[in-house]
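So the chains spell out like this:
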Amino acid sequence: MGFRTPKIEYVNGYKIVELDGPTFKVFDGDRQLGDDYPYSGEAAAYANSLPKREPQR
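Residues numbered from 1 in each chain as written. Predicted model: local features only at pLDDT ≥ 70, side-chain atom pairs only at ≥ 80, totals over all residues. Heavy atoms only, no water.

(A) Structural context of the overall build of the chain. On a plain count of helices and strands, the chain comes out with one helix and four strands. Counting every position in the chain, which comprises 57 residues, the buried fraction comes to 32%. In the chain, of all internal contacts separated by at least 6 residues, the share reaching a separation of at least 24 is 30%. By element, 51% of the accessible surface of the chain is carried by carbon and sulfur atoms, the whole surface being about 4100 Å². (Helix = DSSP H or I, 4+ residues; strand = E, 2+ residues; numbered from the N terminus. Buried < 20%, exposed > 50% of the residue type's maximum accessible area, 1.4 Å probe, protein only. Contact = heavy atoms within 4.5 Å. Areas by Shrake-Rupley, 256 points an atom, 1.4 Å probe, with all protein chains shown as cover.)

Below you can see the structure in the form of structure tokens.
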């Protein structure tokens, strides 16, 4: 079993991180928002439902 680097994308200014499972999590900075999502589309839809914010890179 090898180490896999998490995939990160930004939607509506929120960070979506894909972890093993696969599991998708939505973050505002270091704070997780919402649940763990089994599909990236669900995580993106949740991020789009939140107020828009500027991405932190």
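(B) Examining the sheet that holds strand E2 (residues 14-19) more closely. Pairing within the open sheet is antiparallel, and its four strands lie in the order E1-E2-E3-E4. What marks the edges here is a single partner per strand, and that holds for strand E1 (7-11) and strand E4 (31-37). Pairs of neighbouring strands in the sheet enclose a mean axial angle of 25°, with direction left out of account. Judged from the five bridges that link them, E2 and strand E3 (residues 23-28) form a sheet pairing that is antiparallel. Bridge pairing in E3 links Glu 18 to Phe 24. (Pairing = 2+ DSSP bridges. Axes fitted to C-alpha atoms, helices over the stretch in contact; angles between N-to-C directions.)

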